[in-house]
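Residues per chain, in single letters:
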Amino acid sequence: GSFPHRFICYYSNSDYCANENYSSEGIADGVYESFFFYKNIFEMANNYGSVVHTLLLSAVMIALLTFTLMETMMMMIMNPLSMTTIIITITMLWLGKKNNKKMETQ
């Protein structure tokens, strides 16, 4: 439940989180509301049986995996050391492939 909130507040330059309020437990309102949203969905899904519950859980797991991949990519892009490592790795792979083609033609 905290991913969309964390993603928006940390990675975007929006003023969405500038005037944020926190609950008595120290949880941001965006995260707290997200928690209740998901809680209500899963409680409602329990009323429709295990098939609906399983499908809903699968959809949530796919969404969370997608969010995790998005955040990982953003962290890699924003970290200069990671970007340098990626560029060096791609360059080395490209040069290795180019060198292999030269060796095969000789």
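Here the structure is a predicted model, which means the values were calculated and not measured.

Time to look at the environment of Tyr-32. Note that Tyr-32 resides in helix 2 (residues 29–46). With relative accessibility at 30%, the residue Tyr-32 sits in the partly exposed group. Other than its neighbours up to four places away in sequence, Tyr-32 contacts Ser-23, Glu-25 and Ile-27.

Quick look at a nonpolar patch on the surface now. A cluster of nonpolar residues, Met-73, Ile-77, Met-78, Met-83 and Ile-87, forms a patch on the protein surface that exposes about 500 Å² of accessible area. Put simply, the parts of the chain that give the nonpolar patch at least two residues each are helix 3 (50–78) and helix 4 (80–105). Top element by residues in the nonpolar patch is helix 3. It accounts for three residues. Note that Ile-87 resides in helix 4.

How each quantity is defined
Position numbers for residues count from 1 along each chain, tracking the sequence in the order it is written. Selection of residues for local features in this predicted model requires a pLDDT of at least 70, selection of side-chain atom pairs for listing and counting requires 80 or more, and totals for whole chains, interfaces and linings are taken over all residues. For the side-chain quantities, the full set of heavy atoms in the structure was used; hydrogens and water were omitted. Secondary structure elements are defined from DSSP: runs of H or I of at least 4 residues count as helices, runs of E of at least 2 residues count as strands, and each element is numbered from the N terminus. Each residue is placed in one exposure class: buried if its accessible area under a 1.4 Å probe, protein chains only, is under 20% of its type's maximum, exposed if it is over 50%, and partly exposed if it falls in between. For this analysis, residues touch if any pair of their heavy atoms sits within 4.5 Å. Every patch collects residues that have over 30% relative accessible area and no salt bridge, joining them within 9 Å if they carry like charges and within 5 Å if they are nonpolar side chains (Val, Leu, Ile, Met, Phe, Trp, Tyr). For every accessible area listed, the method is Shrake-Rupley and the probe measures 1.4 Å; residues are considered covered only by the protein chains on display. What counts as a salt bridge is simple: a side-chain nitrogen of Lys or Arg found within 4 Å of a carboxyl oxygen of Asp or Glu.

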